[in-house]
Amino acid sequence: MNRIRRTLVAAGLVAVAAVTAPAGGQEPAKPAARGWQPDPKLQATLEAQKKPWVYREESVPKYALPDPLRLADGTRVATAADWEAKRRPETLALFRKHVYGHPPAPTAARFAVTETDPKAMGGKATLKRVRIASADPAGKTFAFDAAVLIPNGAKGPVPAFVLINHRAVGSADPTRREKNDFWPAEAIVGRGYAAAVFQAADVDADKNGPEARAGGVRAVWPAGGGTLGEDSWGTLGAWAWGASRVLDYLRTDAAVDGAKVGVVGHSRGGKTALWAAAQDERFALGVSNDSGRGGASLTRRGFGEPWAGISKSFPYWFCGAYVKASAGKADDLPVDQHQLIGLIAPRGAYVASADQDLWADPRGEFLSLAHSAPVYALYKHPVPAADEMPPLDTPLVRGRVGYHVRTGGHNLTPYDWDKFLDFADRLYGR
Ligand code: GTR
């Protein structure tokens, strides 16, 4: 490696795997000068606190990403048809075996609208509360509630966003008695979208242990479709399953355009939103906000939240194999998170970061999106290059993907929603 390339790699501006000199052998001229850079004050503060995690690009190890298109047998798929027939299922299986675990076999869902208020939001929306009950052929059942606010007076079925709410009900209160910037439902409805939400904890508690699991879906189908302790589903998998059941309902509601439903989550919910959209191709769009480790950020970068750390603090979010492997090297993982975004292709994917949220690795979140490019390319959709991370508060949208890094800390805000809505408008040609 020459000196400039070494500097670029150290700055995280090119992933080692993706380094290709442009024609003529010229290195790109100083991309480090443009685009977002971590706040040096924040880094100095973290340094002064002697934080034992990586928050400087210089400390990011050299890494090579798995080729999203290369099959386990060494051959490489070159067409969308082969991706869909061979590599997509293989990639999905790898994420199930090594990261999130296997969901249970498809269940039959029944819906009961338990409440309808046509004058919600001061008459601007209709609120429906829905009981969603799933059953397997052996008669085991699980039920939980969702809510949706549908704009009144729309000319036809409206697109929708499903929020996976892992916070308290007050953060996303469908009655709107409590309003919180986390879920600006008035703004979502005002832009002509239905705003659907469910409480993640109603599907699976955000706590470890059998007692916590007792009331959730993993008590009914403990192993999902895998083997307990190895590749059985974790909490993120259970929440993603819940998001798909909400989609099941939305597709039966004549007021909603079931082909235009996006799934959104913040942080642990953002990890879940990506996994939900990766698995369930009926989602038109997956949106990850500050999702970090186990979400949009590249595991191999090791920047921000350590893999071993998340595995220790939240082992139940993932499958046992992921937790076990975290004692080793990320390079040994057969997948990295750019492939999770690849699983969403050619549908919409939007990744959002926050400037002060180095724990979630904003650059690593952007790079996952950038390195999903080979998959989008099979469908002729462009994706920003690894050295094109945009500056602060400047969304970058290309083809079917979008990214922004916003001023501020770890949170889901009206600014984020506004950009998700802009992106969806464009994706749906509104
Ligand atoms: C943190 C965790 C992150 C992120 C966050 C959240 O404690 O380390 O991975 O998920 O919680 O969900 O807010």
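Below: a short report on this structure. All figures in this text were calculated on a predicted structure; none of them were measured in a lab.

**Quick notes on the nonpolar core**
- Counting residues in each nonpolar core, the largest one holds 94 residues, and the members touching the most others are F198, V203, V246 and L250.
- In terms of residue count, helix 9 (residues 235-250) provides more of this core than any other element does, 10 residues in total.
- Residues in contact with V246, not counting those within four places in the same chain, are I132, F144, A146, V162, A196 and F198.
- Grouped together as the second largest cluster of nonpolar side chains are 30 residues, M121, A195, V197 and F420 included.

**Some points on the sheet that holds strand 7 (residues 285-289)**
- Here we have 10 strands laid out as an open sheet, ordered 1-2-3-5-4-6-7-8-10-9, and mixed in their pairing. Each edge of the open sheet is held by one strand with a lone partner, namely strand 1 (108-119) and strand 9 (396-398). Adjacent strand axes in the sheet meet at a mean angle of 15°, parallel and antiparallel pairs treated alike.
- Inspection of the sheet shows strand 6 (residues 256-266) paired to strand 7 by five bridges, in the parallel sense. By the bridge assignment for strand 7, H266 is matched with N289.
- Against the sheet, helix 10 (residues 268-279) makes contact with strand 4 (158-165), strand 6 and strand 7, and its axis sits at roughly 145° relative to strand 6, the strand it touches most.

**Observations regarding the packing of aromatic side chains**
- Considering all chains together, one arrives at 25 aromatic pairs under this definition.
- Ring plane angle 45° and centroid distance 6.3 Å describe the contact between F95 and W275, whose orientation is recorded as tilted. One end of the pair, F95, is in helix 3 (residues 80-100); the other, W275, is in helix 10, and 180 residues separate them in sequence. Note on accessibility: F95 and W275 belong to one class, buried.
- A centroid spacing of 5.8 Å and a plane angle of 65° characterise the contact between W417 and F420, whose relative ring orientation is edge-to-face. Remark: F420 and W417 occur in helix 16 (residues 414-427); sequence separation between them is three residues, near one turn of the helix.
- In this structure an aromatic cluster arises from ring pairing among F95, Y100, W275, W307, F314, Y316, W317, F318 and Y322.
- In this structure, K419 packs its charged tip against the face of Y415, placed 4.7 Å from the ring centre.

**Observations concerning the pairing of strand 5 (residues 194-199)**
- A large share of strand 5 lies buried, amounting to six of its six residues.
- Neither face of strand 5 is open: one carries A194, A196 and F198, the other A195, V197 and Q199, and all of them are buried.
- Examined bridge by bridge, strand 3 (residues 141-151) and strand 5 share four bridges and lie antiparallel to one another. Note that in strand 5 the partner of L149 across the bridge is A195.
- As paired elements, strand 4 and strand 5 share six bridges and run parallel to each other. Looking at the pairing, L163 lines up with V197 of strand 5.

**What to know about the site of the ligand**
- In the neighbourhood of the ligand, the contacting residues comprise S267, R268, K271, E305, I310, F314, W317, W359 and H410.
- Here an oxygen atom of the ligand and a side-chain polar atom of W359 are 3.1 Å apart.
- In this structure, an oxygen atom belonging to the ligand sits 3.1 Å away from a side-chain N or O atom of H410.
- Calculation on the ligand without its partners gives an accessible area of 310 Å², and the protein chains cover 82% of this total.

**A look at the packing of helix 9 against helix 10**
- Where helix 9 meets helix 10, the closest approach of the two axes is 8 Å, and the angle between their N-to-C directions is 60°. The pairing of helix 9 with helix 10 is recorded here as oblique in orientation. At the point where helix 9 passes helix 10, the crossing takes the right-handed sense. Along its contact with helix 9, which presents L236, G237, W239, A240 and A243, the element helix 10 presents R268, K271, T272, W275, A276 and Q279.
- In the contact of helix 9 with helix 10, the residues fall into six nonpolar, three polar and two charged.

**With respect to helix 10**
- For helix 10, built from 12 residues, the straight-helix expectation of 16 Å at 1.5 Å per residue is met to within 8% by its first-to-last C-alpha distance of 17 Å.
- Burial analysis of helix 10 places 11 of its 12 residues in the buried class, which makes it a mostly covered element.
- All of the buried residues in helix 10 are G269, G270, K271, T272, A273, L274, W275, A276, A277, A278 and Q279.

**Here we look at helix 9**
- Over its 16 residues, helix 9 runs 23 Å from end to end, which matches the ideal 22 Å to within 8%, given 1.5 Å per residue.
- In terms of residue burial, helix 9 counts as a mostly covered element, since 16 of its 16 residues are buried.

**Re the pattern of salt bridges**
- By the definition in use, this model includes 30 salt bridges.
- For E57, the salt bridge is made with R363, and the minimal N-O distance between the two is 3.6 Å. In this pair, E57 is assigned in the loop between helix 2 (40-48) and helix 3 and R363 in helix 14 (residues 362-370), connecting sequence segments 306 residues apart.
- Several salt bridges share partner residues, and in doing so they unite R191, D418, K419, D422, D425 and R430 into one network.

**Points about the environment of A172**
- Looking at where A172 falls in the secondary structure, it is placed in the loop between strand 4 and helix 5 (185-190).
- A172 has contacts with L163, N165, W183 and V197, leaving out every residue within four places of it along the chain.

**Points about the environment of G242**
- In this structure, G242 sits in helix 9.
- Residue G242 is classed as buried on the basis of its relative accessible area, which comes to 0%.

**Points about unusual backbone geometry**
- For the peptide bond that leads from A345 to P346, omega is 0°, which places it in the cis range.
- Residue position: P346 is located in the loop between helix 13 (338-342) and strand 8 (348-354).
- Of note, the phi angle at D290 is positive, near 45°, even though the residue is not glycine.
- With respect to the element layout, D290 can be found in the loop between strand 7 and helix 11 (307-313).
- Exposure remark for D290: the relative accessible area of 1% places this residue in the buried category.
- A positive phi angle, near 65°, is found at K380, a position not held by glycine.
- Assignment of secondary structure puts K380 in the loop between helix 15 (373-378) and strand 9.

The rules behind these values
Residues numbered from 1 in each chain as written. Predicted model: local features only at pLDDT ≥ 70, side-chain atom pairs only at ≥ 80, totals over all residues. Heavy atoms only, no water. Core = buried A, V, L, I, M, F, W, Y, C linked by side-chain atoms within 4.5 Å. Buried < 20%, exposed > 50% of the residue type's maximum accessible area, 1.4 Å probe, protein only. Helix = DSSP H or I, 4+ residues; strand = E, 2+ residues; numbered from the N terminus. Contact = heavy atoms within 4.5 Å. Pairing = 2+ DSSP bridges. Axes fitted to C-alpha atoms, helices over the stretch in contact; angles between N-to-C directions. Phe/Tyr/Trp six-rings, centres within 6.5 Å; stacked < 30°, edge-to-face > 60°. Lys NZ or Arg CZ within 6 Å of the ring centre and 35° of its normal. Near = heavy atom within 4 Å. Polar contact = N/O pair within 3.5 Å; in protein donor to acceptor, adjacent residues only side chain to side chain. Areas by Shrake-Rupley, 256 points an atom, 1.4 Å probe, with all protein chains shown as cover. Parallel < 35°, antiparallel > 145°, perpendicular 65-115°, else oblique. Left-handed = near helix turned anticlockwise from the far one by under 90°. Nonpolar A, V, L, I, M, F, W, Y, C, P; charged D, E, K, R; others polar. Expected span 1.5 Å × (residues − 1). Salt bridge = Lys/Arg side-chain N within 4 Å of Asp/Glu carboxyl O.

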